[in-house]
Amino acid sequence: MARTWFITGTSRGFGREWAEAALERGDRVAATARDVSSLDALVETYGERVLPLPLDVTDRGAVVAALARAYENFGRLDVIVNNAGYGQFGMIEEVSEEEARLQIETNLFGALWVTQAALPYLRESGGGNIIQVSSIGGISAFPNIGIYNASKWALEGFSQSLAQEVALFGVKVTLVEPGGFSTDWGGASAKHATRLGEYDKVREIAAEGRRKRVSNPGDPRATRTAILKIVDAENPPLRVFFGEAPLGIATADYESRLASWREWQPLAIEAQG
């Protein structure tokens, strides 16, 4: 049976790749983008199996309307992909209030609004998949993208709770946590705070660290098969890495955390009273 997908941010990157993967195998896709003209090629190729929808995920009313339009058009929704988002670069001291709020509004609240609007349809159909596009930066953190890390850590938190809340309805939640890929996440899609000269040395160190993390970027096209395996799995994972590097980063990070927690456990016990 063909599935119906609702994917945010399908103009490029993972969203575009996954939309094409779903369509190529005969599924249907409600594809959203800020600039709906970027979806013309999908419509030309796949016709009525694509529903192009203009959407700014920070507009909750527009999100609700887009989900309703997709359901009205296709009659059901099976796979929800929260992919829309971007990277905000800047040291914590450098990021303006406007930049911080927009990062959280897009990466966190955008995913929250879509998730909330989609759940009644998924519950009605007796199940489905919610794919939350997180990042290795959603479980670890790096200098010069702290507010981006904050948005993804928050996404991870509410999604882990969500998975427990909706399991009885047959709804499955998966956090996809990519490492570095050959997308424009750090290029045209990124936003940059005004720099403070005091952080120039820190910025150099951060840039070198990022070069090492993405020295062998993944191929976005290779994620097509991977995402299909997740939505087709009887028991998909709550969390899954995309790319080779994240496991090593996460292992080192969590080993360090555990060592610190254990070292300070006597103080933790003392603090309990």
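The coordinates are above.
Computed from a prediction, not measured in an experiment: that's the story for all the values here. (Residues numbered from 1 in each chain as written. Predicted model: local features only at pLDDT ≥ 70, side-chain atom pairs only at ≥ 80, totals over all residues. Heavy atoms only, no water.)

A. Region of interest: the overall build of the chain. Within the chain, the regular secondary structure consists of nine helices and nine strands. Here the C-alpha atoms of the chain give a radius of gyration of 19 Å, agreeing with the 19 Å that 2.2 N^0.38 yields for 273 residues. By principal-axis analysis of the C-alpha atoms, the chain measures approximately 55 × 45 × 35 Å. Classification of the 273 residues of the chain by burial places 45% in the buried group. Contacts in the chain between residues far apart in sequence, at least 24 positions, make up 71% of those at least 6 positions apart. Carbon and sulfur atoms form 53% of the exposed surface of the chain, whose accessible area is close to 13700 Å². Each charge sign in the chain was given a centre, from 28 positive and 35 negative side chains, and these centres are 3 Å apart. (Helix = DSSP H or I, 4+ residues; strand = E, 2+ residues; numbered from the N terminus. Rg over C-alpha atoms; globule rule 2.2 N^0.38 Å. Buried < 20%, exposed > 50% of the residue type's maximum accessible area, 1.4 Å probe, protein only. Contact = heavy atoms within 4.5 Å. Areas by Shrake-Rupley, 256 points an atom, 1.4 Å probe, with all protein chains shown as cover. Lys, Arg positive; Asp, Glu negative; His and termini not counted. Charge placed at Lys NZ, Arg CZ, Asp CG, Glu CD.)

B. Seen up close, the layout of surface pockets. Looking at the second largest pocket, its volume works out to about 220 Å³. Around the second largest pocket sit 16 residues that line it, and N216, G218, G243, E244 and A245 are the ones nearest its centre. Listed by contribution, the elements that provide at least two residues to the lining of the second largest pocket are α6 (200-213) and α8 (245-263). When its residues are assigned to classes, the lining of the second largest pocket shows six nonpolar, seven polar and three charged. (1 Å grid on protein atoms, 1.4 Å probe; cavity = no way out; pocket = protein on both sides within 12 Å on 5 of 7 lines; lining within 4 Å. Points joined across faces, edges and corners; volume = space filled by probe spheres on them. Nonpolar A, V, L, I, M, F, W, Y, C, P; charged D, E, K, R; others polar.)

C. Molecular detail of unusual backbone geometry. Not every positive phi belongs to a glycine, and N144 is a case in point at roughly 80°. With respect to the helices and strands, N144 occurs in the loop between β6 (128-133) and α5 (146-166).

D. View of the side chain of N82. Among the secondary structure elements, N82 is positioned in strand β4 (residues 79-82). Only 3.2 Å separates the side chain of N82 from the side chain of T115, close enough to count as a polar contact. Leave out the neighbours within four places in its chain, and N82 touches T8, G110, A111, V114, T115, I130, I131, Q132 and V133. (Polar contact = N/O pair within 3.5 Å; in protein donor to acceptor, adjacent residues only side chain to side chain.)

E. The arrangement of empty space enclosed by the protein in detail. Summed over the entire model, instances satisfying the criterion amount to one cavity of 30 Å³ or more. In this structure, the largest cavity occupies an estimated 30 Å³ of space. Together, T8, V57, N82, N83, A84, T106, G110, A111 and V114 line the largest cavity. Considering each element in turn, the lining of the largest cavity owes the most residues, four residues, to helix α4 (residues 97-125).

F. Up close: the sheet that holds strand β7 (residues 171-178). Taking strand neighbours across the sheet as the criterion, the seven strands line up as β3-β2-β1-β4-β6-β7-β9 in an open arrangement whose pairing is parallel. Whereas interior strands pair on both sides, the edge strands pair on one side only; in this sheet they are β3 (50-54) and β9 (239-242). Mean inter-strand twist for the sheet, computed between neighbouring axes without regard to direction, equals 20°. Its contacts with the sheet place helix α3 (residues 60-74) against β1 (4-7), β2 (28-33), β3 and β4, and it is angled at close to 160° to β3. Those strands touched by α4 are β1, β4, β6 and β7, and its axis lies near 175° from that of β4. (Pairing = 2+ DSSP bridges. Axes fitted to C-alpha atoms, helices over the stretch in contact; angles between N-to-C directions.)

G. Geometry of the environment of G75. Summarising the element assignment, G75 is placed in the loop between α3 and β4. Along the primary structure G75 and P236 are separated by 161 residues, whereas in three dimensions their C-alpha atoms are 25 Å apart.

H. A look at the pairing of β2. A large share of β2 lies buried, amounting to five of its six residues. Pairing of β1 with β2 involves four bridges; the strand directions are parallel. Residue pairing in the sheet places I7 in a bridge with A31 of β2. In terms of handedness, the path from β1 via helix α1 (residues 13-24) over to β2 forms a crossover that is right-handed. Sheet topology note: the β2/β3 ladder contains five bridges and is parallel. Across the sheet, residue V29 finds its bridge partner in β3, namely V50. The parallel pair β2 and β3, bridged by helix α2 (residues 40-46), forms a crossover whose chirality is right-handed. (Right-handed = clockwise from strand over helix to strand, strands pointing away.)

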